[in-house]
Amino acid sequence: MKSRDRFTQVVNSPRLLTLFALLFLFIETGVYAVFEKKDFLESLWWALITATTVGYGDRYPVSDDGRFIATMLMVVGIGLFSALTALLAAWVMGENQKK
């Protein structure tokens, strides 16, 4: 039960969630840069666009490893943005209930 409590603390902490998201984003950027043989800034652009699900299509992975990393980034990115949206909604609802 302790691990579930710790997970809840992380998810309910905007700072930790943001730190985790940025850490994951930079790790994915580095791995993508290695697999796809791209420079770091180009890979960071790809990671930001992919994680936010905008997906302009100007950058995309061509290797199997790059596609695997892209899939992981999309799943985690969607989850993290959903969690941040839920935190914001909970905060707004809490403020409204105080009034």
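We now turn to the structure provided with this report.

Here is what the cut-offs are and how they apply
Residues numbered from 1 in each chain as written. Predicted model: local features only at pLDDT ≥ 70, side-chain atom pairs only at ≥ 80, totals over all residues. Heavy atoms only, no water. Helix = DSSP H or I, 4+ residues; strand = E, 2+ residues; numbered from the N terminus. Expected span 1.5 Å × (residues − 1). Buried < 20%, exposed > 50% of the residue type's maximum accessible area, 1.4 Å probe, protein only. Phe/Tyr/Trp six-rings, centres within 6.5 Å; stacked < 30°, edge-to-face > 60°.

A closer look at unusual backbone geometry
- For Lys 37, which is not a glycine, the phi torsion comes out positive at approximately 55°.
- Within the secondary structure, Lys 37 sits in the loop between helix H2 (14–36) and helix H3 (40–51).

Concerning H2
- Taking 1.5 Å of rise per residue, 23 residues should cover 33 Å, and H2 covers 32 Å from first to last C-alpha, within 8% of that figure.
- Considered for burial, the residues of H2 that qualify are Leu 17, Phe 24, Leu 25, Glu 28, Thr 29, Tyr 32, Ala 33 and Glu 36.
- Just beyond H2, the residue with positive phi is Lys 37, at close to 55°.

Observations concerning the packing of aromatic side chains
- Across all of its chains, the model carries 3 aromatic pairs by this definition.
- Ring centres of Phe 20 and Phe 24 lie 6.2 Å apart, and the angle between their planes is 25°; on these two criteria the pair is classed as stacked. Pair noted here: Phe 20 and Phe 24 are both in helix H2, with a separation of 4 residues, about one helical turn.
- Accessibility expressed as a relative area gives 15% for Phe 24, which makes it buried.
- Pairing Phe 26 with Phe 40 gives two aromatic rings, centres 6.2 Å apart and planes at 5°, and the pair type is stacked. One end of the pair, Phe 26, is in helix H2; the other, Phe 40, is in helix H3, and 14 residues separate them in sequence.

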